[in-house]
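Each chain is listed here by its residues.
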Amino acid sequence: MKDDTMKNETHVKKIPLPFIDLARQQVEILPELERRISEVLRHGRYIMGPEVVELEQALAEFTAAKHVIACSSGTDALLMALMAKGIGPGDAIITTPFTFVATAEVISLVGATPVFVDIDPLLFNMVPEKLEQTIKAMIENDTVGYPLPKQNASTAGSAELRPKGIIAVDLFGLPADYDRINAIAQKYDLFVIEDAAQSFGGTYKGKRACSLAELGCASFFPAKPLGCYGDGGAVFTDSDDMAERLKSIRVHGQGSDKYDNVRVGLNARIDTLQAAVLLSKLKIFPEEIQARNRVASTYNEMLTDFGSGLQIPSVPEGYESVWAQYSVLAGNAALREKIQTTLKEEGIPTAIYYPIPLHLQTAYAGLGYEKGAFPVSEEMAERIFSLPMHPYLEAKEIERICRTISGYKGER
Ligand SMILES: *Cc1c(COP(=O)(O)O)cnc(C)c1O
């Protein structure tokens, strides 16, 4: 008898937890999802069907943005935003190296040059002072001592890369400091794009993510806070002019009709079926945002109570994160590895966002940044890891995760 109970306990303990549980969410939305998908199958308008228009209206209402242009992915949303701004060779776009590669990739895709600025060690977002110092360094030809990309053949001759815009990233679902970033941008006549791929649903001083800069870009990749069942994204703007350009870029640069091409564009439409999925999920999204915040608070309390020795995430006054990731810092890389291994043995998955900052990636070696250029990003890459996070994570599951880490008390 006794033996059996013990076996059972060990067995229960090791049931693997998902990192993100989309199955539990599906149970919540299934009737609505089936109704909406059937409706698309019935009308058969698979490209730019009525659900796309309905989704754009719902997203505009949710964020209070004037225009929403739904599109094929978060990456395409960023690309469309840069294209709408007419960015190309010789232009510099400033962002951080501690982000998903897509943020910098789109800059390179339009022929422009990414220029990096280091992040804050508590918030993981761009530091406004460093942003301004970098802009000054570019204008004054690197006399301020800030690391700048090497001038390559395509920009040689011109001493300068022209700083044109900023892509601020809302990492892990926490908005960057847009009051300060927008003010700096205005001072130097730059535009701001909000990479809200992880923050759709978050808020900054009472305003929703995606509406915090001239152009906001969301991703609806399945693992993001609001995800579809495939790829999807959207661009948000209050500018009528930008909205018109973005709609044209989304469909091959179309003008008055689809055989009138007024600019070079893309095929970047969202599928009607994905719009139907998003409409079903949007209904429960406000409750999910609350649930995500409850999960994060429970983690914060339990990691502290169990003496995990981990640095828990900070959310400044006036901000609300949507917790795309719940990321913590271990004392060092070796300790992180030990903790991740222990969790894995208990069936608890973890992930590292991001193990290599972009300035040290092979693809960006051509920019000529050296190790040490962005010390905070480099240190975070060695210490950070993310724990399971989704709105359906229960207190007893969080407790199981935190207890597993409690053995590391004091080890830093
Ligand atoms: C996911 C992500 C993107 C790209 O979105 P996709 O929909 O996957 O193309 C861009 N930037 C950041 C910060 C992201 O996390």
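You'll find the structure just up there.
To keep things clear, this report deals only with the structure shown in the data block. (Residues numbered from 1 in each chain as written. Predicted model: local features only at pLDDT ≥ 70, side-chain atom pairs only at ≥ 80, totals over all residues. Heavy atoms only, no water.)

Here the focus is the packing of helix H4 (residues 74–84) against helix H8 (residues 240–250). Running from N to C, H4 and H8 point in directions that differ by 120 degrees, and their axes come no closer than 9 Å. When the interaxial angle is binned, H4 and H8 end up oblique. Read as a crossing pair, H4 and H8 show a hand that is right-handed. Facing H4, whose interface residues are Met-80, Ala-81, Met-83 and Ala-84, H8 presents Met-242, Arg-245, Leu-246, Ile-249 and Arg-250. A per-class count over the contact of H4 with H8 returns 7 nonpolar, no polar and 2 charged. (Axes fitted to C-alpha atoms, helices over the stretch in contact; angles between N-to-C directions. Helix = DSSP H or I, 4+ residues; strand = E, 2+ residues; numbered from the N terminus. Parallel < 35°, antiparallel > 145°, perpendicular 65-115°, else oblique. Left-handed = near helix turned anticlockwise from the far one by under 90°. Contact = heavy atoms within 4.5 Å. Nonpolar A, V, L, I, M, F, W, Y, C, P; charged D, E, K, R; others polar.)

Let us now look at the layout of surface pockets. Of the volumes computed, that of the largest pocket is approximately 450 Å³. In terms of lining residues, the largest pocket is bounded by 28 residues, among which Phe-100, Gln-198, Phe-221, Lys-224 and Tyr-354 are the most central. Elements represented by at least two residues in the lining of the largest pocket include exactly H4, helix H5 (102–109) and strand E8 (215–219). Looking at the lining of the largest pocket residue by residue, the class counts come to 15 nonpolar, 9 polar and 4 charged. Both of domain 1 (29–117 + 124–282) and domain 2 (285–406) provide at least three residues apiece to the lining of the largest pocket. (1 Å grid on protein atoms, 1.4 Å probe; cavity = no way out; pocket = protein on both sides within 12 Å on 5 of 7 lines; lining within 4 Å. Points joined across faces, edges and corners; volume = space filled by probe spheres on them. Domains from an automatic or database assignment.)

Applying the stated criterion across every chain, the model contains 21 salt bridges. We note a salt bridge from Arg-250 to Glu-56, for which the minimum N-O separation is 2.8 Å. On the criterion of sequence distance, the pair formed by Arg-250 in helix H8 and Glu-56 in helix H3 (residues 50–63) is long-range, its members being 194 residues apart. Here the two residues Arg-250 and Glu-56 agree in accessibility, since each one is buried. Across the pair Asp-91 and Lys-164 runs a salt bridge, and its minimum N-O distance is 3.0 Å. With Asp-91 in strand E2 (residues 91–95) and Lys-164 in strand E4 (residues 162–169), the pair connects residues that are 73 residues apart, well separated along the chain. Using a relative accessible area of 3% as the deciding quantity, one classes Asp-91 as buried. Within the structure, one salt-bridge network assembled from shared partners comprises Asp-21, Arg-24, Glu-394, Lys-396 and Glu-397. (Salt bridge = Lys/Arg side-chain N within 4 Å of Asp/Glu carboxyl O. Buried < 20%, exposed > 50% of the residue type's maximum accessible area, 1.4 Å probe, protein only.)

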